[in-house]
Amino acid sequence: MINATEQQQHIEVQAPSERRNGSGFVGSDAPRWDDYSRCIRCGLCLNQCPTYRELGFEMDSPRGRIYQMAQVDEGRLPIGESFVRHIDLCLDCRACETACPSGVEYGKLVEAARAQIEQHYRRPFGERMLRYLAFHHLISKPGSLKVAGALLRFYQSSGLEEMVNRSGLLNSMPRLCELQQLTPAIESPSFFPQIGKVFPARGSRRFRVALHAGCIANLAFARLNETTVRVLQENGCEVTIAAGQICCGALPVHAGLRGLARDLARRNIEAFDAQPFDAILTNAAGCGSTLKEYGYLLKDDAVWAGKAASFSAKMRDVTEFLCEVGLTAQPPALPAMVTYQDSCHLAHGQKVRQQPRKLLNAIPGLRFVEMPLSDLCCGSAGIYNITETEVSMQLLRSKMEAANSTGASIIATANPGCILQLRAGAKLYGTGQRVMHVIELLDPARPSL
Amino acid sequence: MRARRGQSQLHKVESGDDLDSRRVSELKNIIGSQAVLHAPEDLMLYEYDGSVDRALPDAVVFPSTTEEVVSTVCWAREKNFAILARGAGTGLSGGSVPVNGGVVIGFSRMKKIVEIDLANQRAVVQPGVVNLDLSLAVAKSGYYYVPDPSSQKACTIGGNVAENSGGPHTLAYGVTTNHVLGLEVVLPDGEVIHTGGKPLDCPGYDLTGLIVGSEGTLGIVTQAIVKLTRLPEAVQTILAIFNSVDDAADTVAEITARAITPAALEMMDQLALQAVEAATHAGYPCDAAAVLLIEVEGLREAIEVQTEEIRDACKHHAAREVRVAQSEVERQLLWAGRKNAFGAMGRIAKSFYVQDGVIPRTRISETLRFIGQVGEKYDLRIANVFHAGDGNLHPLILFDIRDHEQYRRVLQAGAEILAYCVSIGGSITGEHGVGMEKSDLMPLLFTENDLTIMGKLKSVFNRDGRLNPSKIFPTSKGCGEIQVGKQWAART
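Residues numbered from 1 in each chain as written. Chains lettered and ligands numbered in written order. Predicted model: local features only at pLDDT ≥ 70, side-chain atom pairs only at ≥ 80, totals over all residues. Heavy atoms only, no water.

Before going further, it helps to spend a moment on the domain arrangement of chain A. Residues and elements named next belong to chain A. Split by domain assignment, chain A resolves into domain 1 (22–120), domain 2 (128–182), domain 3 (192–323) and domain 4 (331–442). The straight-line distance from the C-alpha centre of domain 1 to that of domain 3 is 29 Å. Taken together, the contact pairs 8 residues of domain 1 with 10 residues of domain 3. Buried surface at the junction of domain 1 and domain 3, summed over both partners, amounts to about 840 Å²; 45% is from carbon and sulfur atoms. Of all residues in domain 1, Asp29, Lys108 and Glu111 bury the most surface against domain 3, accounting for 52% of the area lost on that side. The interface formed by domain 1 and domain 3 holds 3 salt bridges in total. A salt bridge links Asp29 to Arg258, with the nearest nitrogen and oxygen atoms 3.4 Å apart. (Domains from an automatic or database assignment. Contact = heavy atoms within 4.5 Å. Buried area = accessible area lost by both parts, 1.4 Å probe. Salt bridge = Lys/Arg side-chain N within 4 Å of Asp/Glu carboxyl O.)

Right, here's the structure in full:
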């Protein structure tokens with residue numbers, strides 16, 4: 001332990017103007033003074049931050065994380081285990097952006113901090129390999145994704161999974177047991193064969209739209225994607241599942257892999273550039289948030305910046321779009337009590353809050369009830385529930401307490417990741433609620449629930 | 001940013017004895033390894049609060065029970081460390097900045113609402129409960145906890161008790177001390193005392209009143225019994241817009257003179273409006289010289305009459321427009337603008353230094369003129385957002401933290417404004433506390449005798465000054481002397 005006087009000397013820093021040399025951030029994609037200095041440490045974000053609420057440490061609050069970035073930039077704190085731990089623990093849910101009166105764009109800061117970690121910090125071998133496989137092969141190569149999906153489907157449907165469960169093999173490996181709970185069920189057939197197809201509008205065509213179908217969603221949410229297409233068709237949209245589309249890059253952006261994310265962005269822009277669509281849609285709030293930020297992601301790319309900006313300008317969440325253009329196909333009645341969980345990247349990331357609620361309220365017979373703290377993260381956060389399972393489960397437990405208090409039998413949300421998490425939550429801590437995408441509730445072909 | 005002024009004799013008595021690994025493990029044995037922070041990279045997150053001051057603690061602990069607080073306090077006494085309580089760290093006067101190092105007791109794990117007793121209109125809470133969370137917990141039943149500091153969605157009841165926090169609605173209902181019935185307090189020698197109690201009136205000395213607002217220098221509050229108040233039947237929020245600051249200021253005095261007591265009477269000037277509107281888009285006019293945000297509440301019929309009276313008073317002083325919020329959404333948005341105002345300064349400046357002077361409400365316009373002159377004199381932009389009804393000013397002096405010379409001017413300007421407030425019969429602080437920020441200005445307000453008796457009182461509770469040292473009372477000779485600490489001056 002160094003004593004306080006030494007500590008003071010140790011932390012004495014140069015004025016920012018002189019300190020560029022001492023900064024722990026090197027290269028592009030770093031948190032910049034102009035951005036992080038907007039934080040004036042009022043602390044209004046603290047109680048809105050899921051990790052601060054659960055853990056109670058300043059290091060795991062938005063204000064604290066920004067302060068740590070500032071200390072790295074001043075050369076007072078290394079990009080070491082501690083910094084990485086606290087930046088890793090952030091859900092990137094951006095609830096702090098909603099709370100921040102000063103307009104700090106925290107999402108951009110934490111993503112830049114992660115880009116720096118990616119460039120300057122060596123993670124343990126196993127973690128490195130896993131990240132490499134997940135980001136560079138699984139999500140960014142449809143071929144690998146299909147193979148992985150087939151293997152997982154075999155495991156889940158051949159009886160192997162059931163056998164493993166019964167054998168108690170996983171009892172000695174609680175971590176694997178948890179992961180299995182959160183692993184999505186692979187649906188058959190997948191949505192991959194639909195990519196490249198055009199689905200005509202039912203009745204007269206009001207709009208020509210394109211759908212970004214996601215990456216893992218093609219395997220785990222094939223039925224949701226089909227429902228999304230059907231609901232759009234019924235509401236007068238011709239839907240193109242643009243060929244050549246690929247993972248949106250949200251997971252790489254959140255993990256700090258901005259180079260990979262830019263490659264994916266360029267491929268998507270190219271895929272959707274071929275035709276003049278009225279809008280490009282997604283049913284995944286997490287993807288939508290990143291797709292809407294392609295303009296920012298590629299702002300320094302002379303060739304792509306303009307195209308990226310116009311791509312982002314066309315991007316809409318499917319609930320946002322349907323609310324904007326109005327429903328022409330009446331959804332079937334639903335005599336049930338429904339509550340809504342705001343997906344973070346829809347509410348905080350895209351500021352889309354009222355639209356899904358309005359759509360739900362348009363369903364005959366539906367009784368809508370708000371849950372307390374509906375815009376607090378459920379703990380899904382991309383792959384956070386897999387990488388930080390403990391905190392994620394704490395958040396899920398609180399979320400389900402809020403959902404249970406409403407007495408609703410259906411929890412609606414607008415993001416596949418949230419759906420998986422909340423389904424696990426309904427089983428573990430809930431009252432057996434059904435968890436559904438808003439779009440599924442709007443489906444004219446919805447079987448009675 | 002301001003330095004630790006004068007290392008105290010505390011915490012370094014046994015030479016070479018810092019928080020070494022042996023002591024760290026002792027602390028961990030007392031309170032659990034997951035509840036102690038001691039690594040430098042963690043401690044630096046507890047060197048700040050919402051103010052401009054900075055100083056590093058030696059350790060931070062997170063007790064879950066009063067017993068753990070007692071154990072920690074006894075340990076610190078034995079090892080001669082300073083002790084300081086911390087809520088959410090939103091304070092604006094450096095109250096939770098550990099000037100002399102020592103052990104910070106963080107209350108983020110003591111955030112339970114222990115009891116809600118609606119029939120008797122009171123609740124028992126742990127100090128880490130967030131102010132707004134208490135109101136939300138009882139809102140459905142038609143109650144709320146009145147004191148509403150602007151940071152209420154983050155700040156804690158424990159911090160509010162320490163600072164005797166106010167807020168816009170304390171104009172009609174009083175500040176924190178008027179809403180606290182009793183406290184459980186751990187004294188620095190480890191004794192636990194209970195002040196006040198559930199009955200509305202307790203005999204004997206008003207120790208609760210003494211502890212509330214003592215800025216953590218008399219004891220550590222581990223539980224509070226607070227009053228709950230019925231939500232009013234009806235609320236009306238009025239935005240009055242003026243082309244002249246003087247007109248707005250005169251309206252404040254006129255409203256009181258007409259015997260109307262609004263629940264809240266707030267004022268914002270043009271610079272503040274620009275930041276607030278950028279942050280909240282509540283519809284505040286950026287071209288107005290000033291606005292008043294006025295709220296009346298009570299029985300439906302009564303507020304109709306009051307609203308008309310207020311409208312008339314505003315028009316009498318040349319209000320350009322008087323708007324009444326037409327919906328709850330509009331009302332909430334107007335308040336969001338006001339309550340986020342300090343944070344919104346980040347949109348127009350890199351840093352701000354907020355003062356908390358109090359003046360008679362009849363002298364607002366001349367004081368604002370004086371503040372304007374101070375701004376010109378020191379070449380600084382100053383925004384004003386404040387509780388006009390209480391005469392509780394909040395001049396926000398804007399600056400860039402990187403400019404050392406400018407910061408020195410900021411401190412001078414702040415001190416000059418406060419001296420002016422005192423000179424016209426006001427005070428140096430209304431609700432933010434004296435902290436480490438204004439301690440040297442106390443002699444402006446109090447005679448040596450006044451300060452001596454306060455010092456004696458402090459020593460009854462806090463014999464050796466271990467608890468939150470170097471706060472409230474002057475530490476250096478010569479009042480109003482401003483020093484910028486070297487080691488912090490260049491830092492954010």
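The structure having been displayed, the exposition proceeds.
With that settled, the discussion passes to the sheet that holds strand S8 (residues 410–413) of chain A. Residues and elements named next belong to chain A. In space, the 4 strands of this open sheet follow the order S7-S6-S8-S9, with parallel pairing throughout. Edge positions in the sheet fall to strand S7 (367–368) and strand S9 (434–437), since each of these pairs with one other strand and no more. In the sheet, strand S6 (residues 337–340) pairs with S7 via 2 bridges, with the strands oriented parallel. What sits directly across from Val338, in S7, is Phe368. (Pairing = 2+ DSSP bridges. Helix = DSSP H or I, 4+ residues; strand = E, 2+ residues; numbered from the N terminus.)

Overall, the coordinates contain 11 aromatic pairs over all chains when judged by the stated rule. Ring geometry for Trp75(B) versus Phe81(B): centroids 5.6 Å apart, planes at 5 degrees, classification stacked. On the basis of an interplanar angle of 10 degrees and a centroid distance of 4.1 Å, the ring pair of Phe370(B) and Tyr420(B) is categorised as stacked. Highlighted residues: Phe370(B) in helix H13 (residues 364–378) and Tyr420(B) in helix H14 (residues 404–423), separated in sequence by 50 residues. Three or more aromatic residues joined by ring pairs make a cluster, and in this case those are Phe57(A), Tyr46(B) and Phe62(B). Above the ring of Tyr296(A), the side-chain terminus of Lys299(A) is found at 5.0 Å from the ring centroid. (Phe/Tyr/Trp six-rings, centres within 6.5 Å; stacked < 30°, edge-to-face > 60°. Lys NZ or Arg CZ within 6 Å of the ring centre and 35° of its normal.)

This brings us to a nonpolar patch on the surface. A contiguous nonpolar surface patch, about 310 Å² in accessible area, is contributed by Phe154(A), Leu160(A) and Met163(A). With respect to the helices, strands and loops of the structure, Leu160(A) is situated in helix H10 (residues 160–167). (Patch = residues over 30% accessible without salt bridge, like charges linked within 9 Å, V, L, I, M, F, W, Y side chains within 5 Å. Areas by Shrake-Rupley, 256 points an atom, 1.4 Å probe, with all protein chains shown as cover.)

Ranked by size, the top nonpolar core spans 122 residues in total, and within it Met69(A), Phe83(A), Ile220(B) and Leu292(B) carry the most contacts. Take this core: its biggest share by element is 7 residues, from H14(B). If you look at the next biggest cluster of nonpolar residues, it comprises 37 residues, including Ala213(A), Leu281(A), Val338(A) and Ala414(A). (Core = buried A, V, L, I, M, F, W, Y, C linked by side-chain atoms within 4.5 Å. Buried < 20%, exposed > 50% of the residue type's maximum accessible area, 1.4 Å probe, protein only.)

Leaving glycine out, the prevailing phi sign among residues is negative, and the prevailing peptide bond configuration is trans. The omega angle of the peptide bond from Ser188(A) to Pro189(A) is -5 degrees, so this bond is cis rather than trans. Tracing the sequence through the fold places Pro189(A) in the loop between helix H11 (174–182) and strand S1 (198–199). For Arg41(A), which is not glycine, the phi dihedral falls at a positive 60 degrees. Note that Arg41(A) resides in the loop between helix H2 (33–36) and helix H3 (50–55). Of the residues examined, Arg41(A) reaches a relative accessible area of 14% and is grouped as buried. Its identity as a non-glycine residue notwithstanding, Ala318(B) has a phi of 65 degrees, on the positive side.

Let's shift gears to the side chain of Arg65(A). All names here are of chain A. Looking at the element boundaries, Arg65 is found in helix H4 (residues 62–73). Accessibility expressed as a relative area gives 1% for Arg65, which makes it buried. Apart from the residues within four sequence positions on either side, Arg65 is in contact with Cys49, Thr51, Glu58, Met59, Asp60, His86, Ile87, Leu89, Cys90 and Tyr106.

Residue and element names in this part refer to chain B. Relative to the assigned elements, Ala388 resides in the loop between strand S17 (381–386) and strand S18 (395–399). Classification of Ala388 as buried rests on a relative accessible area of 0%. Taking the C-alpha atoms as reference points, Ala388 and Leu411, separated by 23 residues in sequence, lie 23 Å from one another. Apart from the residues within four sequence positions on either side, Ala388 is in contact with Val252, Leu265, Glu266, Met267, Arg361 and Ile364.

Attention now goes to H14(B). Residues and elements named next belong to chain B. Taking 1.5 Å of rise per residue, 20 residues should cover 28 Å, and H14 covers 29 Å from first to last C-alpha, within 8% of that figure. The opening residue of H14 is Asp403, an N-cap whose side-chain oxygen sits 3.2 Å from the backbone nitrogen of Glu405. Phi turns positive one or two residues past the end of H14, at Gly425, with a value near 95 degrees. (Expected span 1.5 Å × (residues − 1). Polar contact = N/O pair within 3.5 Å; in protein donor to acceptor, adjacent residues only side chain to side chain.)

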